[in-house]
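If you want the building blocks of each chain, they are given just below.
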Amino acid sequence: DAGVIQSPRHEVTEMGQEVTLRCKPISGHDYLFWYRQTMMRGLELLIYFNNNVPIDDSGMPEDRFSAKMPNASFSTLKIQPSEPRDSAVYFCASRLFNSPLHFGNGTRLTVT
Amino acid sequence: AQTVTQSQPEMSVQEAETVTLSCTYDTSESDYYLFWYKQPPSRQMILVIRQEAYKQQNATENRFSVNFQKAAKSFSLKISDSQLGDAAMYFCAYRGYSGGGADGLTFGKGTHLIIQP
């Protein structure tokens, strides 16, 4: 069974550009989470969905960040406009109701 | 809000020896889950072990075991017979269970484990 699939694996962009990160959760999983990992702040929960509906977006740092889940097999995290302080590793993760969280391999974002 | 504290930024152990990583947490809930995740240099997050708070028996997975002390809010990870492949960042994580299981994980800052050959 394929795990959580994220793309791209690496993204380098210039300040002010739009960045879109993509995630395909494990088939059948009804929860999807977006995390950000930095040296300073560790792993932070940005937003999560249940059955494609956003449940808690209180971790989204500001209005430049948005996330969507148009169907059960796809989610995006968009940053517009991007800033150097957005540089981090972004993880997508999914799970069933009470099962452990399964992570994708992450997207390393560098904003210059 | 729940917090997870890993007081050891870095630990070092000789290959084949045993090492224990510490984790404490703060919560007002009575039911919850605790996890240890491993993150090698490849940055993949790998579930090592899981503990349900209502279970008194400590979880074990091969060479990995936990010491869960609910009253002390402590959840340490013991790695026996350390191997070079165990070298990684280890994260302790908490998840509440408010009848819905819908919460995300709260992570500690991590412990960098070094295995000396």
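Predicted, not measured: the structure shown is a model, and the values here were computed from it.

Visitor: What should I look at first to understand the overall build of chain A in this one?
Guide: Counting its secondary structure elements, chain A contains zero helices and eleven strands. Along chain A, helices (α) and strands (β) appear in the sequence β-β-β-β-β-β-β-β-β-β-β when read from the amino end. A globule of 112 residues ought to have a C-alpha radius of gyration of about 13 Å, and chain A, at 13 Å, matches this closely. Oriented by its inertia axes, the alpha-carbon framework of chain A measures out at about 40 × 25 × 25 Å. Going through the 112 residues of chain A one by one, you find that 48% of them count as buried. In chain A, of all internal contacts separated by at least 6 residues, the share reaching a separation of at least 24 is 53%.

Visitor: I would appreciate a short explanation of the side chain of Asn50(A) in the present structure.
Guide: Residue and element names in this part refer to chain A. Looking at the element boundaries, asparagine 50 is found in strand β5 (residues 42-50). For asparagine 50, a relative accessible area of 19% corresponds to the buried category. At a separation of 3.1 Å, a polar atom in the side chain of asparagine 50 contacts the main-chain carbonyl oxygen of aspartate 30. If sequence neighbours within four positions are ignored, asparagine 50 has contacts with Asp30, Tyr31 and Ile55.

Visitor: Looking at this structure, how should I read the packing of aromatic side chains?
Guide: Geometrically, a pair of aromatic rings is defined through the distance of the ring centres and the angle of the planes. Tallying each qualifying case throughout the model produces 17 aromatic pairs over all chains. Among the aromatic residues, those joined into a cluster by ring pairs are Tyr31(A), Phe33(A), Tyr35(A), Tyr48(A), Phe91(A), Phe103(A), Tyr33(B), Phe35(B), Tyr37(B), Phe91(B) and Phe107(B).

Visitor: Before we go on, may I ask you to explain the pairing of strand β8 (residues 64-69) of chain B in this structure?
Guide: If a strand is regular, its side chains alternate between the two faces of the sheet. Residues and elements named next belong to chain B. In terms of strand pairing, strand β7 (residues 60-61) meets β8 through two bridges, oriented antiparallel. Pairing of threonine 60 across the sheet is with serine 65, part of β8. Hairpin connection, β7 to β8: the antiparallel pair is bridged by two residues, and asparagine 62 has positive phi, about 55°. Note that β8 and strand β9 (residues 74-79) share six bridges and pair antiparallel. Looking across to β9, one finds that serine 65 is bridged to lysine 78. The hairpin turn running from β8 into β9, its antiparallel successor, is four residues long, and lysine 73 in that turn takes a positive phi close to 55°.

Visitor: Help me understand the nonpolar core in this model?
Guide: Proteins that are soluble and globular tend to have nonpolar side chains buried together. Ranked by size, the top nonpolar core spans 25 residues in total, and within it Tyr25(B), Trp36(B), Phe75(B), Leu77(B), Tyr90(B) and Leu113(B) carry the most contacts. Per element, the largest residue contribution to this core is four residues, and it comes from strand β10 (residues 88-96) of chain B. Membership of the second largest hydrophobic core comes to 21 residues, among which are Val4(A), Ile26(A), Phe65(A) and Ala67(A).

Visitor: Explain the state of the cysteines here, please?
Guide: When the sulfur atoms of two cysteines share a covalent bond, that bond is a disulfide. Residue and element names in this part refer to chain A. In the structure shown here, the tally under the stated rule is two disulfides over all chains. Through a disulfide, cysteine 23 is tied to cysteine 92; the S-S separation comes to 1.9 Å. Note on the cysteine 23 and cysteine 92 pair: the S-S dihedral is about -65°, so by sign convention the disulfide is left-handed. Taken together, the residues span a long stretch of sequence, with cysteine 23 in strand β3 (residues 19-24) and cysteine 92 in strand β9 (residues 88-95) at a distance of 69 residues.

What counts, and where the lines are drawn
- Residues numbered from 1 in each chain as written.
- Chains lettered and ligands numbered in written order.
- Predicted model: local features only at pLDDT ≥ 70, side-chain atom pairs only at ≥ 80, totals over all residues.
- Heavy atoms only, no water.
- Helix = DSSP H or I, 4+ residues; strand = E, 2+ residues; numbered from the N terminus.
- Rg over C-alpha atoms; globule rule 2.2 N^0.38 Å.
- Buried < 20%, exposed > 50% of the residue type's maximum accessible area, 1.4 Å probe, protein only.
- Contact = heavy atoms within 4.5 Å.
- Polar contact = N/O pair within 3.5 Å; in protein donor to acceptor, adjacent residues only side chain to side chain.
- Phe/Tyr/Trp six-rings, centres within 6.5 Å; stacked < 30°, edge-to-face > 60°.
- Pairing = 2+ DSSP bridges.
- Core = buried A, V, L, I, M, F, W, Y, C linked by side-chain atoms within 4.5 Å.
- Disulfide = S-S within 2.5 Å.

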